[in-house]
Amino acid sequence: MSFPHLEYTTIQRAAEVTGTGNVIWDPVDGNHFVIKELTFTPDANMTFTLFSETDSTNQPQINKRVFKGEILADTPVTLTFENGWPSPDQNDRLRGTVSTGTCYTQVTGYEF
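Keep in mind that what you see is a predicted model, and the values were worked out from it rather than measured.

Cut-off values and rules
Residues numbered from 1 in each chain as written. Predicted model: local features only at pLDDT ≥ 70, side-chain atom pairs only at ≥ 80, totals over all residues. Heavy atoms only, no water. Pairing = 2+ DSSP bridges. Helix = DSSP H or I, 4+ residues; strand = E, 2+ residues; numbered from the N terminus. Axes fitted to C-alpha atoms, helices over the stretch in contact; angles between N-to-C directions. Buried < 20%, exposed > 50% of the residue type's maximum accessible area, 1.4 Å probe, protein only. Phe/Tyr/Trp six-rings, centres within 6.5 Å; stacked < 30°, edge-to-face > 60°.

Asks: Can you help me understand the sheet that holds strand E6 (residues 77-86) in this one?
Replies: Strands belonging to one sheet form pairs held by backbone hydrogen bonds; the direction of such a pair is parallel or antiparallel. Strand order in the open sheet formed by 4 strands is E1-E8-E3-E6, and the pairing between neighbours is antiparallel. Single-partner strands in this sheet number two, and they are strand E1 (11-17) and E6. Pairs of neighbouring strands in the sheet enclose a mean axial angle of 15°, with direction left out of account. Two elements, strand E3 (residues 33-42) and strand E8 (residues 103-111), share 9 bridges in a ladder whose sense is antiparallel. Among the inter-strand pairings, Glu 37 is bridged to a residue of E8, identified as Thr 108.

Structure below.
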C-alpha cells in the first residue's frame, strides 16, 4: 500500500518508550502513517516491540507488528523501508513496548 510516486512532506517523530503501548506517532485524523526509516536505541538489554495500534500474535493483528526482538543496551538499530511501511488502518498510531528500561526511538516518514 506504499505510494512512493506521490509527493509528500517528510515527518520526523521522536519518543522515549518506557512501558507498554507508548505512542510514538499519532497521525492527523483520517490519515495513515508510512515509515521510511526508524532508529531505536535501548538503555538496557530488552525486548522491544514496535507496532501499529494493536499488538497481538493473533491474525490479523500480527500483521500490524513492525518489529519485535531482543536488543542490547546502547546498540542503535536502524530499519529502512525502501517503499515504506504503511499503517494498515486510518488513525492507527505507531506504538512501542519495552520489557525494561527506556528505548529512544526516532522515525522518519510521511502521512497520507
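Asks: So what exactly am I meant to see when it comes to the sheet that holds strand E5 (residues 65-71) here?
Replies: Across the sheet, which stays open at both edges, the 4 strands sit in the order E2-E7-E4-E5 with antiparallel pairing between neighbours. One side of each edge strand has no neighbouring strand; the edge strands of this open sheet are strand E2 (22-25) and E5. Each neighbouring strand pair of the sheet contributes to a mean axis angle of 20°, computed without reference to strand direction. Summarising the sheet, E2 and strand E7 (residues 94-98) pair through 3 bridges and their orientation is antiparallel. Considered in E7, the bridge of Trp 25 is made with Leu 94.

Asks: Explain the pairing of E3 here, please?
Replies: Each regular strand carries side chains that alternate between the two faces of the sheet. Burial of E3 is extensive: 7 of the 10 residues sit out of reach of the surface. As judged from the 6 bridges shared by E3 and E6, these two strands associate in the antiparallel manner. By the bridge assignment, Glu 37 is partnered in E6 with Thr 80.

Asks: Teacher, can you tell me more about the packing of aromatic side chains here?
Replies: When we look at a pair of aromatic rings, we describe it by the centre distance and by the angle of the planes. Here the structure, examined in full by the defined rule, presents 6 aromatic pairs. Residues Tyr 8 and Tyr 110 carry aromatic rings whose centres are separated by 3.7 Å and whose planes lie at 20° to one another, so their mutual orientation is stacked. Here Tyr 8, found in the segment before E1, pairs with Tyr 110, found in strand E8; they are 102 residues apart in sequence, far enough to count as distant. Under the relative-accessibility criterion, Tyr 8 is labelled partly exposed at 35%. Of the residues examined, Tyr 110 reaches a relative accessible area of 3% and is grouped as buried. Ring geometry for Phe 48 versus Phe 67: centroids 6.5 Å apart, planes at 40°, classification tilted.

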